[in-house]
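# A structural walkthrough
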Amino acid sequence: MPDGALRRARWAVSLIFLLNGASFCAILPRYPELVERIGLSDGAFGLAVGLGPLGGLAAGLAAAPLMARFGSARVAVIVQVIARSVHVLVYVAASWLWLAGALFVAAAADALTDVAMNAHGLRVERRYRRSIINSFHGWWSAGAVIGGLIGAACAQWGVPLVVQGLAGLVVFGALALAVLPWHLPGPENTEREMAAPAPASAAEVPVPDAEAALPTGTRPGDTTGSRRPAGSRHGATTPVAPSGLVIALALGAVLVFAGSTEDAGNSWGALFMRRTFEVSPFVAGLAFVALQGAQMVGRFTGDAVVNRLGDRRTARVGAVIAAVGMGLGLLIAHPVMALLGFAAAGWGIATLFPAACRAADDIRDLPPGRGIAVVGWLARLGFFLAPPLVGALSDLLTLRYALWLVPLYAVGVLVFSWALDGRPHRTARPA
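Residues numbered from 1 in each chain as written. Predicted model: local features only at pLDDT ≥ 70, side-chain atom pairs only at ≥ 80, totals over all residues. Heavy atoms only, no water.

Turning our eyes to something else, we now look at the overall build of the protein. Counting its regular elements, the protein contains 17 helices and two strands. Counting only contacts in the protein whose residues sit at least 6 apart along the sequence, the fraction spanning at least 24 positions is 85%. For the protein, the accessible surface area stands at approximately 16,600 Å², while carbon and sulfur atoms represent 69% of it. (Helix = DSSP H or I, 4+ residues; strand = E, 2+ residues; numbered from the N terminus. Contact = heavy atoms within 4.5 Å. Areas by Shrake-Rupley, 256 points an atom, 1.4 Å probe, with all protein chains shown as cover.)

Looking at the element boundaries, Thr-314 is found in helix H12 (residues 311-331). With relative accessibility at 11%, the residue Thr-314 sits in the buried group. Setting aside chain neighbours within four positions, we find Thr-314 in contact with Val-305, Val-306, Leu-309 and Thr-351. (Buried < 20%, exposed > 50% of the residue type's maximum accessible area, 1.4 Å probe, protein only.)

A few words now on helix H9 (residues 244-277). One turn of the α-helix equals 3.6 residues, which is why residues spaced by three or four share an orientation. A rise of 1.5 Å per residue sets the reference length of H9, with its 34 residues, at 50 Å; its end C-alpha atoms lie 47 Å apart and thus fit the reference within 8%. Bending of H9 peaks at approximately 65 degrees at the position of Trp-268. Most of H9 sits inside the fold, with 27 of its 34 residues counted as buried. Looking one or two residues past H9, Glu-278 carries a phi angle of roughly 55 degrees, positive in sign. (Expected span 1.5 Å × (residues − 1). Bend = angle between axes of the 7 residues up to and from the residue.)

Applying the stated criterion across every chain, the model contains six salt bridges. Residue Glu-36 is joined to Arg-274 by a salt bridge in which the shortest nitrogen-to-oxygen separation is 3.7 Å. Of this pair, Glu-36 sits in helix H2 (residues 31-38) while Arg-274 sits in helix H9; the two residues are 238 residues apart in sequence, bridging distant segments of the chain. One network of salt bridges, with partners in common, ties together Glu-125, Asp-311 and Arg-358. (Salt bridge = Lys/Arg side-chain N within 4 Å of Asp/Glu carboxyl O.)

This next bit is on empty space enclosed by the protein. Picture a little ball the size of a water molecule; that probe, rolled over the atoms, points out where space is still empty. All chains considered together, the criterion is met by three cavities of 30 Å³ or more. Each pocket or cavity is described by its volume, and for the largest cavity that value is around 530 Å³. Surrounding the largest cavity, 32 residues form its lining, Phe-24, Asp-110, Trp-140, Arg-380 and Phe-383 being those nearest its centre. The set of elements that each furnish at least two residues to the lining of the largest cavity consists of helix H1 (4-25), helix H3 (42-59), helix H6 (96-128), helix H7 (133-157), H9, helix H14 (352-361) and helix H15 (370-396). Here the lining of the largest cavity takes seven residues from H6, the largest share from any one element. In terms of residue class, the lining of the largest cavity is made up of 18 nonpolar, eight polar and six charged. (1 Å grid on protein atoms, 1.4 Å probe; cavity = no way out; pocket = protein on both sides within 12 Å on 5 of 7 lines; lining within 4 Å. Points joined across faces, edges and corners; volume = space filled by probe spheres on them. Nonpolar A, V, L, I, M, F, W, Y, C, P; charged D, E, K, R; others polar.)

So, on to the side chain of Arg-84. With respect to the helices and strands, Arg-84 occurs in helix H5 (residues 72-91). Buried within the structure, Arg-84 lacks any salt-bridge partner; Asp-110 is the closest side chain of opposite charge, at an N-O distance of 4.3 Å. In this structure the side chain of Arg-84 is engaged in a polar contact, spanning 2.4 Å, whose partner is the side chain of Ser-23. Setting aside anything within four residues of it in sequence, one finds Arg-84 in contact with Asn-20, Ser-23, Asp-110 and Leu-169. (Lys, Arg positive; Asp, Glu negative; His and termini not counted. Polar contact = N/O pair within 3.5 Å; in protein donor to acceptor, adjacent residues only side chain to side chain.)

So, about the environment of Ser-85. On the secondary structure map, Ser-85 appears in helix H5. With a relative accessible area of 33%, Ser-85 lands in the partly exposed category. Within the structure, the side chain of Ser-85 is placed 3.0 Å from the backbone oxygen of Val-81, a separation counted as a polar contact.

With respect to the helices and strands, the residue Gly-302 is situated in helix H11 (residues 302-309). A C-alpha to C-alpha distance of 8.6 Å links Gly-302 and Thr-314, two positions twelve residues apart in sequence. Beyond its immediate stretch of four places on either side in the chain, Gly-302 contacts Asn-134 and Thr-351.

Time to look at the nonpolar core. Ranked by internal contacts, the top residues of the largest apolar core, which has 91 residues, are Leu-99, Val-124, Phe-272 and Leu-403. Top contributing element to this core by residue count: H6, with 14 residues. Non-local contacts of Val-124, meaning those with residues more than four positions away in its chain, are made with Leu-6, Ala-9, Arg-10, Val-13, Ile-132, Phe-136 and Leu-184. Counting 25 residues, the second-largest nonpolar core is a separate cluster that includes Ala-250, Val-254, Ala-315 and Phe-353. (Core = buried A, V, L, I, M, F, W, Y, C linked by side-chain atoms within 4.5 Å.)

Taken over all residues, the pLDDT of the protein has a mean of 82, while the share at 70 or more is 85%. Taken element by element, the predicted model of the protein shows its lowest mean pLDDT in strand S1 (residues 232-233) (36) and its highest in helix H17 (residues 405-416) (95). The model gives residues 195-240 a pLDDT under 50, and that stretch makes 89 contacts with residues more than four places away or in other chains. Below pLDDT 50 for its whole length, residues 427-431 participates in nine contacts with residues either more than four positions away or in separate chains. (pLDDT = per-residue confidence, 0-100.)

What follows covers the environment of Ala-62. Mapped onto the secondary structure, Ala-62 falls in the loop between H3 and helix H4 (63-70). The exposure class of Ala-62 is partly exposed, given its relative accessible area of 33%. Sequence separation between Ala-62 and Trp-377 is 315 residues; the distance between their C-alpha atoms is 9.9 Å.

Moving on, we get to the packing of aromatic side chains. This structure, assessed with the given rule, holds eight aromatic pairs. Between Tyr-31 and Phe-45, the ring centres sit 5.1 Å apart and the planes meet at 75 degrees, which makes this aromatic pair edge-to-face. Pair noted here: Tyr-31 is in helix H2 and Phe-45 is in helix H3, with a separation of 14 residues, a long-range link. Residues Tyr-31 and Phe-45 agree in their burial class; the two are buried. (Phe/Tyr/Trp six-rings, centres within 6.5 Å; stacked < 30°, edge-to-face > 60°.)

Our next topic: the packing of H1 against H7. For any two helices packed against each other, one specifies the inter-axial angle together with the distance between the axes. In contact at an axis separation of 6 Å, H1 and H7 are set at 35 degrees when each is read in the N-to-C sense. Considering how the two elements wind past one another, H1 and H7 form a crossing that is right-handed. In this structure, H1 contributes Arg-10, Trp-11, Val-13, Ser-14, Phe-17, Leu-18, Asn-20, Gly-21, Ala-22 and Cys-25 to the contact, and H7 contributes Ser-135, Phe-136, His-137, Trp-139, Trp-140, Ala-142, Gly-143, Ala-144, Ile-146, Gly-147 and Gly-148. Partitioning the contact of H1 with H7 into residue classes produces twelve nonpolar, eight polar and one charged. (Axes fitted to C-alpha atoms, helices over the stretch in contact; angles between N-to-C directions. Left-handed = near helix turned anticlockwise from the far one by under 90°.)

In structure tokens:
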């Protein structure tokens, strides 16, 4: 059983994920106000939102050296407080350049926090010796729902944007700093050097036959870690599996499509609901809440699912749910169906970010934290490319037609899902 210090570390990481989601997402339901106040077209707004993740691309690869120097816990907490400070500038943006610049700096800080809190979460998971990473991302989604509801309620009640931003900085920043002492001590590779293997490693997967003797990367269906040259078994030569770089690129592609799907609710959900159905500001904000709420449920239940099915099969089932659900939500012009469509999209991608982070962290060619940093950096491409693309299509056609990209994103997940671990994450003994 985990001891008290380990349980506190799990709760500390969970709180950091929750605060990250809440602070970032509280502004999203108020995007329509910013668009109207600054006087932006869909194309201009999409470009501003899309330029934000360039900050993540610029800063993301710095996460690994920062973690090596200061530790993942300190980077996750301190940089998150910095990001919350910059978010205040988003709330008070008065021009396109101001908005784009604030989003750029906020995304740069958020990218560092994202990599660091995932890296520390995987440290905690290795000590638990079973999959718990989905629950961390579930707490992020819970925070996103809380933030979305806060933003929607503040929009409905007419709370000034600057008041909402400052209140979030004080409350969320203080809570993040308060749990810093609860995180795991020691260097980032501590758990890798422990006698107990990582939860996704071969030593914890019961293999009943001679496959147990094969090295990682040569067993059938093994897609985590870099591939070693294959040997022979029973006189047959096993094909050489993809290299670590190819796997990292494929995992990045999975997260590009997952991030683009999430952006459909984040950046465009409220605008879509208001323009298509002329609903109140609170109901408009429910598009984002529906996507994140379903994603939250999918993540809190995701560990049990991937422990049984594996990340790859879970991702493929989710992609089908996202494609069908969002397609029906766009075909049937009713606000309830639209909300169900956003919910299906959120449910479908629920386990993709945790699964890709775990697979990336198991790439053996790379030092601790580097795999997550590389794949997380690639994931920012989705948040960079999707908003301008949707905005341009919305100006050319309508926002309703532009959101048909979401089912296409699900097809992309299916194409690259081979890079995820196909094995169930069952442990040899319960923790």
